[in-house]
Amino acid sequence: MVIPKNGERISKIDAYLNCAENFAYRSTCIKRKYGAVIVKDDAVISTGYNGSPRGFENCCDLGTCPRIQKNMHQGEGYGICRAIHAFENKSQGGYDMALKYEDVFRLGS
Ligand SMILES: [Zn+2]
C-alpha cells in the first residue's frame, strides 16, 4: 500500500494498485490473495479478486486450499485451487473485456 508522504498526492498508478490491494482482501483463497482493477480512460470500470466461480465452494469456507495440502509454492499447482484468477473471475461477471483498450492493475500476496 502506497501511503502519501508529507501531504503529497500519490500517483494514479499507485492509487489503482492500492485499490487492487484492497480487493485482494476479498479473495476466497487462503493460499494466495490477488486483486485486479481494470481502468479505461483513467476511470475504474471494474474490479475483481481471485475466488471460486459462483456455485463452487470457497477455500476460505472449507478452511484449506488444495495447494496448501500439497505444500505447493509460488508458480505451482494453480490449476488445482478452486479459486480462479482475479481477472478471469471479474470476466465471468458478464463484462466483455476489450483488453487492448484498457489497463489492468493487479496486486497479490
Ligand atoms: Zn485456494
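Above this text you will find the structure in question.
Residues numbered from 1 in each chain as written. Predicted model: local features only at pLDDT ≥ 70, side-chain atom pairs only at ≥ 80, totals over all residues.

A. Region of interest: unusual backbone geometry. Although it is not a glycine, Asn6 sits at a positive phi angle of roughly 55 degrees. At Asn71, a residue that is not glycine, the phi angle is positive and equals roughly 50 degrees. Among the structural elements, Asn71 can be located in the loop between α3 (66-69) and α4 (86-91). (Helix = DSSP H or I, 4+ residues; strand = E, 2+ residues; numbered from the N terminus.)

B. Representation of the nonpolar core. Formed by Tyr16, Ala20, Phe23, Ala24, Tyr34, Ala36, Val37, Ile38, Tyr49, Phe105 and Leu107, the largest nonpolar core amounts to eleven residues. Put simply, the parts of the chain that give this core at least two residues each are α1 (12-24), β1 (34-40) and β3 (103-108). Counting residues in hydrophobic clusters, the runner-up holds five residues, among them Cys29, Cys59, Ala83 and Ile84. (Core = buried A, V, L, I, M, F, W, Y, C linked by C-beta atoms within 7 Å. Buried ≥ 20, exposed ≤ 12 C-beta atoms within 10 Å, placed from the backbone.)

C. Structural detail: the sheet that holds β1. Taking strand neighbours across the sheet as the criterion, the three strands line up as β2-β1-β3 in an open arrangement whose pairing is antiparallel. The sheet is open, and its two borders are formed by β2 (43-49) and β3, each paired with just one other strand. In this sheet, adjacent strand axes meet at a mean angle of 20 degrees when their direction is disregarded. Here β1 runs beside β3; their pairing, made up of six bridges, is antiparallel. Paired with Ala36 across the strands is Arg106, a residue of β3. In the packing of α1 onto the sheet, the strands contacted are β1, β2 and β3, and the crossing angle to β1 comes to about 140 degrees. (Pairing = 2+ DSSP bridges. Axes fitted to C-alpha atoms, helices over the stretch in contact; angles between N-to-C directions. Contact = placed C-beta atoms within 7 Å.)

D. Main features of the environment of Thr47. When you line up the elements, Thr47 lands in strand β2. Sequence separation between Thr47 and Phe105 is 58 residues, and the spatial gap between their C-alpha atoms is 9.4 Å.

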